[in-house]
Amino acid sequence: DFRITDLSDKNGTYPDIIIIFMGTNDLLTNIPLGDNDGSVAVEEGVIDNFADAYSLILDKLETYYPCSEIYCCTLLQVGDYGTETPYVTFTNGLGLTAEDYSKKIEMIAENKGYPVIDLYHCGIEIDNLQNMTSDGVHPNAEGMKYIAEAVTGTIIEERCKE
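Keep in mind the model is a prediction, meaning the values are calculated, not measured.

Counting secondary structure elements, the protein contains 6 helices and 3 strands. For the protein, the succession of helices and strands along the chain, N to C, is α-β-α-α-β-α-β-α-α. The C-alpha radius of gyration of the protein comes to 16 Å, within 12% of the 15 Å expected for a compact globule of 162 residues. For the protein, the spread of C-alpha atoms along the three principal axes comes to 50 × 35 × 30 Å.

This is how it looks when you write it as structure tokens:
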């Protein structure tokens, strides 16, 4: 809750745009994906899967910031940082990849009516992770350029639809 409430300031100023980019640590630490498609309400308490956590966060953001535009980002492709470069696709202990989490994000966002910023296909790929990340996971300056282009491109496109 404190991360969500910290998006506003003491004067009551709320963000115009909120960009949700989460899930990589869930992938890396074997958090189960879950079966919530975004249409099932999640109650406070112990959340044991990614889909429920993601859905709950979106619901809280909508409650706290009903006038803010909310965008959901898919995950970047993640390389197995335990290998030499070039990287191979990271698969966690549950047999899941960044693509699996990204598809879940897309499903939840669609069911909740939020636009998706597709970072999984933004140009940062397994074959170029050594040039776009510091370790197969964390983007470097070059990788951040691709992310910035995807974010601004999607926001401009969504705003032009209105």
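Turning to empty space enclosed by the protein, a few remarks are in order. For the structure shown, the criterion picks out 1 cavity of 30 Å³ or more. Lining the largest cavity, in full, are Gln77, Val78, Thr89, Thr97, Ala98, Glu99, Tyr120 and Ile126. Classifying every residue of the lining of the largest cavity gives 4 nonpolar, 3 polar and 1 charged.

A separate point is the environment of Gly123. By secondary structure assignment, the location of Gly123 is in the loop between strand S3 (116–117) and helix H5 (129–132). Taking the C-alpha atoms as reference points, Gly123 and Ile147, 24 residues apart in sequence, are found 8.6 Å from one another. Discounting chain neighbours no more than four positions away, the residues touching Gly123 are Asn128 and Tyr146.

On to the side chain of Asp52. Relative to the elements of secondary structure, Asp52 occurs in helix H3 (residues 50–64). Of the buried charged residues, Asp52 lacks a salt bridge, with Lys104 as the closest side chain of opposite charge at 8.5 Å.

As a further point, take helix H6 (residues 141–161). With 21 residues, H6 extends 31 Å from end C-alpha to end C-alpha; this agrees with the ideal 30 Å at 1.5 Å per step. Where H6 is concerned, the buried positions are Gly143, Ile147, Ala150, Val151, Thr154, Ile155 and Glu158. Projected down its long axis, H6 shows its buried positions confined to an angular sector of 120°, all on one face. Of the exposed residues in H6, the ones pointing more than 90 degrees away from its buried face are Ala141, Glu149, Ile156 and Cys160. Elements that come into contact with the buried residues of H6 comprise strand S1 (17–20), strand S2 (69–73), S3 and H5.

Let us now look at the sheet that holds S3. Remark on secondary structure: sheet strands pair via backbone hydrogen bonds, oriented parallel or antiparallel. Here 3 strands make up an open sheet; going across it, the order is S1-S2-S3 and the pairing parallel. Edge positions in the sheet fall to S1 and S3, since each has one partner strand and no second. Relative to S3, S2 is paired through 2 bridges, and the arrangement is parallel. When the sheet's bridge partners are listed, Cys73 is paired in S3 with Ile117.

On to the environment of Asn111, then. As for its placement among the helices and strands, Asn111 is situated in helix H4 (residues 98–112). Along the chain, Asn111 and Asp37 lie 74 residues apart, while their C-alpha atoms are 7.0 Å from each other. Ignoring sequence-local partners within four residues, the contact set of Asn111 consists of Asp37 and Gly38. There is a polar contact of 2.7 Å between the side chain of Asn111 and the backbone oxygen of Asp37.

Before going further, it helps to spend a moment on H3. Counting along an α-helix, one turn takes 3.6 residues, and residues three or four places apart therefore face a common direction. The terminal C-alpha atoms of H3, which comprises 15 residues, lie 21 Å apart, in line with the 21 Å expected from a rise of 1.5 Å per residue. Among all positions of H3, only Phe50, Ala51, Asp52, Tyr54, Ser55, Leu56, Leu58, Lys60 and Leu61 are buried. Structurally, H3 contributes buried residues whose contacts are with helix H1 (2–5), S1, helix H2 (24–28), S2 and H4. Backbone nitrogen of Ala51 and a side-chain oxygen of the N-cap are separated by 3.2 Å at the start of H3; the cap is Asn49.

Thresholds applied
Residues numbered from 1 in each chain as written. Predicted model: local features only at pLDDT ≥ 70, side-chain atom pairs only at ≥ 80, totals over all residues. Heavy atoms only, no water. Helix = DSSP H or I, 4+ residues; strand = E, 2+ residues; numbered from the N terminus. Rg over C-alpha atoms; globule rule 2.2 N^0.38 Å. 1 Å grid on protein atoms, 1.4 Å probe; cavity = no way out; pocket = protein on both sides within 12 Å on 5 of 7 lines; lining within 4 Å. Points joined across faces, edges and corners; volume = space filled by probe spheres on them. Nonpolar A, V, L, I, M, F, W, Y, C, P; charged D, E, K, R; others polar. Contact = heavy atoms within 4.5 Å. Buried < 20%, exposed > 50% of the residue type's maximum accessible area, 1.4 Å probe, protein only. Lys, Arg positive; Asp, Glu negative; His and termini not counted. Salt bridge = Lys/Arg side-chain N within 4 Å of Asp/Glu carboxyl O. Expected span 1.5 Å × (residues − 1). Arc of directions from axis to C-beta. Pairing = 2+ DSSP bridges. Polar contact = N/O pair within 3.5 Å; in protein donor to acceptor, adjacent residues only side chain to side chain.

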